[in-house]
Amino acid sequence: MVPLPLSQGVLLSLLQQLACDINNDTPRKIVWLTDVAAAINPSDPTIAMHTRSIFEQVYQILNHQRSLPTMTGVDLSSIRLLLHVVNSMLMTCK
């Protein structure tokens, strides 16, 4: 059985919710955030008006998370990669 794909609106909401709760189970959420961010189409008309503000919020959260002294090397590397993905999406947002 193949799972139904999630809509762009659900993916964008999931991205925001995962970022807001990144302090709990951080390594897993970084992986999920990366997968979700890569699946979002920022030019999709159903989410276009919200995409930039949510990606900016996620970027700020990740940047703060990266600066915490409790971050490990592996998590820091993963967050840097995710920040590149988020920044790339921001560049394509109108």
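S.K.: Describe the nonpolar core, listing the residues and the values that go with them.
M.R.: Counting residues in each nonpolar core, the largest one holds 25 residues, and the members touching the most others are L15, L33, I40, F55 and L62. Of all the elements in the fold, those that place two or more residues in this core are helix 1 (8–20), helix 2 (26–39), helix 3 (48–67) and helix 4 (73–92). It is helix 4 that provides the largest number of residues to this core, a total of seven residues. Excluding residues within four positions of it along the chain, L15 makes contact with L33, V36, A37, I40, I54, F55 and V58.

S.K.: Give a detailed account of a nonpolar patch on the surface, specifying residues and quantitative values.
M.R.: On the surface, a nonpolar cluster with roughly 230 Å² of combined accessible area is contributed by L6, V10 and L14. By secondary structure assignment, the location of L14 is in helix 1. Overall, L14 belongs to the partly exposed group, its relative accessible area being 32%.

S.K.: Please set out the pattern of salt bridges residue by residue, giving values where relevant.
M.R.: Counted by the stated rule, this structure contains three salt bridges. The closest approach of N and O atoms between K29 and D21, which form a salt bridge, is 2.6 Å. The exposure class assigned to K29 is buried, which follows from its relative accessible area of 10%. A relative accessible area of 34% places D21 in the partly exposed class. The residue D25 makes a salt bridge to R28 at a minimum N-O spacing of 3.2 Å. We classify D25 as partly exposed; its relative accessible area is 42%.

Rules used in this analysis
Residues numbered from 1 in each chain as written. Predicted model: local features only at pLDDT ≥ 70, side-chain atom pairs only at ≥ 80, totals over all residues. Heavy atoms only, no water. Core = buried A, V, L, I, M, F, W, Y, C linked by side-chain atoms within 4.5 Å. Buried < 20%, exposed > 50% of the residue type's maximum accessible area, 1.4 Å probe, protein only. Helix = DSSP H or I, 4+ residues; strand = E, 2+ residues; numbered from the N terminus. Contact = heavy atoms within 4.5 Å. Patch = residues over 30% accessible without salt bridge, like charges linked within 9 Å, V, L, I, M, F, W, Y side chains within 5 Å. Areas by Shrake-Rupley, 256 points an atom, 1.4 Å probe, with all protein chains shown as cover. Salt bridge = Lys/Arg side-chain N within 4 Å of Asp/Glu carboxyl O.

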